[in-house]
Amino acid sequence: MELIAETRSINEIFSQNRKYVVPRFQREYSWTLEQVTELWDDITDQISLDSEGSVTHDEYFIGCVVFVGEDSRPEHLIVDGQQRLITLTLLVKAIVDRLKELGDMSAAKATYHNMIEGVDNDGGKYFKLINESPRPYFQNEIQAFDLSGINRPETEEEKRLKGTLDFFKGRLDNYRIGTHREADAAKIVRNQVLNFLKVIQVTAKSEDEAYTIFETLNARGLSLTSVDLIKNWIFKNYDQTHPIDNAKEIWGVLRKRVSSFSTPEIFFRHYWNSKYAFASDGRIYKSFKKLHKRGFIAPAKDFLLEIDAASKMYEKIGAPKDGDWPIQKERLVKYCFESLNYYRVTQPRPFLLALLEYRTNGVIGQTDFIRMVENIERFHFIFSNLCKERASGLESKYSRAAKSLYASGSNKSAAKSILNDLTIYLANKRPDEESIRNSLSLVSFSSSAGLDRKVIQTVFVKSERYLQKTSELNVASMSIEHIREKSSRATWVDLIGNLIPLDESINNGIPGNLSFSEKKQFYGRSQFRLVDDFLSLNPQSSWEKEDMERWMARLVELTDKSNAIR
C-alpha cells in the first residue's frame with residue numbers, strides 16, 4: 001500500500017484547485033455543541049498579544065486527514081477527517097459572513113473564493129468541499145456566498161450544520177482582541193485557522209486502499225458506529241455505480257425513512273437482533289463479521305435490499321399511518337403501535353419486525369397477528385407505563401422469539417406455537433391486580449402530572465372499550481370530570497377514584513358548585529358504559545372519600561380485565 005504523509009495547513013489543503021469529496025460510505029455530520037465549542041476555544045487560545053500589542057499565533061495540531069487520489073487529479077476522496085473539514089468549512093463561511101456584515105467585501109470574497117468556491121480552467125465554478133448527503137441545503141444555505149433562503153433545515157444533519165454555523169457566527173460577533181477593529185479581529189481568527197492549524201495529510205492512491213484505511217482507522221475505536229462499518233462493507237461490495245449509484249440511493253432513502261422517528265443505529269440493532277443474533281450496539285459489527293465469515297450474510301446487494309424492506313416494516317411500527325392498516329379490523333394494530341410509541345417502549349420491535357413479516361407472507365393469520373400485537377401493547381401498558389417495572393431481559397426475550405419465528409420457516413403450526421409461548425410468558429410476567437391497585441393509587445390528575453394524565457385517560461379508554469366489547473370505539477371527545485370539585489381542596493381530589501370520563505360537550509355544560517345528586521343528572525346523559533357503571537355503583541346522594549375508594553377499586557378491576565393477556 002503506497003501512502004504519502006505530509007504536514008499541511010488548512011490553507012494549503014483548500015487553496016488548491018481541487019475538490020474534496022465526502023464519499024458515500026461516510027456518516028452524516030454529527031459534531032455536537034460541546035465538540036464545536038472545544039474547537040473554537042482551542043483555536044482562539046492560540047492567539048495572543050505580545051508586550052508591544054502585536055498579535056502572535058501558535059501552531060495547533062488537529063489530527064490526521066486521509067485522502068485518496070493523485071496530485072494530477074482534480075478530486076480527492078475524504079476517507080478520514082470529514083467531520084473536521086466540514087466544521088472548518090463552516091467556520092470559514094462564518095468568517096466570510098462576518099466580513100461581509102462589517103463591509104469588507106474584498107476580504108470576504110477573497111477568503112470565499114480561496115477556501116470555499118473554486119473556478120476550473122473553463123471558468124466553471126465549483127465548491128471545494130463536495131458533500132451530497134445534506135443536498136441541496138448545504139450548498140444553498142451554507143456554502144453559497146449569497147444564501148438562497150429557499151431551503152430550511154429538515155433533517156437532524158441539516159439542523160446540526162446550521163447550529164454549528166450559527167455558533168461560529170455568534171462567537172465571531174463577540175470576538176475582540178486588544179484595540180483591533182472588528183473586521184481585523186475576524187481576519188486574525190481567519191489567519192489562525194488557515195495558516196496555523198496543522199494536520200497530517202495522508203494520501204492513498206486507490207479507492208480500495210481507502211476502504212481498507214477507513215476500516216483500520218475505526219474498527220478498533222468508538223469513532224464510528226456498527227452501522228457505519230456495515231454500510232462501508234455494503235458500499236465496498238455493491239459494485240454498481242453507473243448509470244446511478246443504487247447503493248447510495250437506497251441507503252439514503254432508507255436512512256431518511258428511519259430518521260423521521262428513530263435513528264439508523266436503533267433500527268439496525270432491532271433488525272439485527274430480530275433476524276441474526278442478539279448483540280449490543282458496540283458488538284453488532286463483530287457479530288456481522290463472524291456471521292459473514294460463516295456464510296450467513298447475503299451478497300451486498302441482496303443484504304441491502306433486505307435491510308431496506310425491513311426499514312419499511314419498521315416504519316409501520318414506529319410511525320404507523322392509516323394507509324398501513326386500511327382494513328377496519330386491523331385499525332387496532334395502529335392503535336397498539338401508537339400506544340407503544342407513546343409509552344416509549346421499543347423492546348418488542350425486534351419481534352414485531354418478524355411478526356409483521358410473517359403476517360405479510362401469510363404464515364400468521366390476521367386473528368393471531370392482531371391478538372399478539374394487542375397482547376404486547378396490553379402487557380407494556382401495565383408493566384412499563386403504569387407499574388414502571390424494570391425491563392431487563394425483555395429485549396433478549398423478544399429477540400429469541402423473533403429468531404425462533406424465522407427458524408420456523410413457512411410452518412404455520414410452529415409459528416403459532418411460538419406466539420403461544422410468548423403469550424404465556426407475557427401473561428406470567430405481567431403485574432397482578434394488587435400491583436395495578438398500588439400503582440393506580442399513586443397516579444394524579446394534577447396540572448403538574450402530565451404523564452399521569454395520559455395514564456388515567458388510557459385507563460378510561462380501555463375500560464370503555466372493554467365494557468362495550470369493541471376496539472372500534474371513537475373516544476376523541478372524551479374529557480375528564482372531577483366528581484368532587486377541585487376547589488374543595490380534598491387531598492384525594494386528583495386521584496383516579498374521583499374522576500370519570502364524560503363527553504366534552506356534557507362536561508362543559510355542568511355548572512360549578514353542584515351537589516353530587518345534581519351532578520348525576522348530567523352524568524346520566526352520557527353514552528359511555530363506564531358512566532352507567534359508575535351510576536349503578538353510586539346510588540347515594542353524597543360523594544365522600546369511601547365512595548372514591550370504592551370507585552377506584554372498580555377501576556382497578558376494569559384495568560386488570562381490559563389488559564388481560566389472551
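All of the points below concern the structure found in this document. (Residues numbered from 1 in each chain as written. Predicted model: local features only at pLDDT ≥ 70, side-chain atom pairs only at ≥ 80, totals over all residues. Heavy atoms only, no water.)

The geometry of two aromatic rings is summed up by the distance between their centres and the angle between their planes. Counted by the stated rule, this structure contains 32 aromatic pairs. For the pair phenylalanine 167 and phenylalanine 168, a centre-to-centre distance of 5.6 Å together with 65 degrees between the ring planes defines the contact as edge-to-face. Judged by relative accessible area, phenylalanine 167 falls into the buried class, the value being 12%. Judged by centre distance (6.0 Å) and plane angle (70 degrees), the rings of tyrosine 271 and tyrosine 276 are edge-to-face. Across the pair, exposure class does not vary: tyrosine 271 and tyrosine 276 are buried alike. Through successive ring pairs, a cluster of aromatic residues spans Trp233, Phe261, Phe267, Phe268, Tyr271, Trp272, Tyr276, Tyr285, Phe288, Phe303 and Tyr314. (Phe/Tyr/Trp six-rings, centres within 6.5 Å; stacked < 30°, edge-to-face > 60°. Buried < 20%, exposed > 50% of the residue type's maximum accessible area, 1.4 Å probe, protein only.)

Below, the discussion takes up the environment of alanine 319. Mapping alanine 319 onto the fold places it in the loop between helix 13 (300–318) and helix 14 (331–342). With relative accessibility at 22%, the residue alanine 319 sits in the partly exposed group. Among residues more than four places away in sequence, those in contact with alanine 319 are Phe261, Asp324 and Asn341. (Helix = DSSP H or I, 4+ residues; strand = E, 2+ residues; numbered from the N terminus. Contact = heavy atoms within 4.5 Å.)

Attention now goes to the environment of phenylalanine 381. Mapping phenylalanine 381 onto the fold places it in helix 16 (residues 366–386). Residue classification places phenylalanine 381 among the buried residues on the basis of a relative accessible area of 0%. Each C-alpha atom of the pair phenylalanine 381 and asparagine 563 lies 8.0 Å from the other, and the pair is 182 residues apart in sequence. Once you skip the residues sitting within four places of it in the chain, phenylalanine 381 turns out to touch Tyr343, Leu386, Val455, Thr458, Val459, Lys462, Thr559 and Asn563.

One pass over the structure, following the stated rule, counts 0 disulfides. Cysteine 387 provides the cysteine sulfur closest to cysteine 336, a residue in no disulfide bond, and the two sulfurs are 18 Å apart. Relative accessible area serves as the criterion here: at 1%, cysteine 336 is assigned to the buried category. (Disulfide = S-S within 2.5 Å.)

As a further point, take the side chain of glutamate 395. As for its position among the elements, glutamate 395 is in helix 17 (residues 394–407). Sequence-distant contacts of glutamate 395, that is, excluding residues within four places in its chain, are made with Arg269, His270, Asn273, Phe278, Gln347 and Pro350.

Moving on, we come to helix 17. Over its 14 residues, helix 17 extends 20 Å from the first C-alpha to the last, a length consistent with the 20 Å expected when each residue adds 1.5 Å. When we look at burial in helix 17, the residues that qualify are Leu394, Glu395, Ser396, Tyr398, Ser399, Ala401, Ala402, Leu405 and Tyr406. Buried-residue contacts for helix 17 involve helix 11 (264–275), helix 15 (349–360), helix 16 and helix 18 (412–429). Among the residues trailing helix 17, glycine 409 stands out with phi positive, at a value near 65 degrees. (Expected span 1.5 Å × (residues − 1).)

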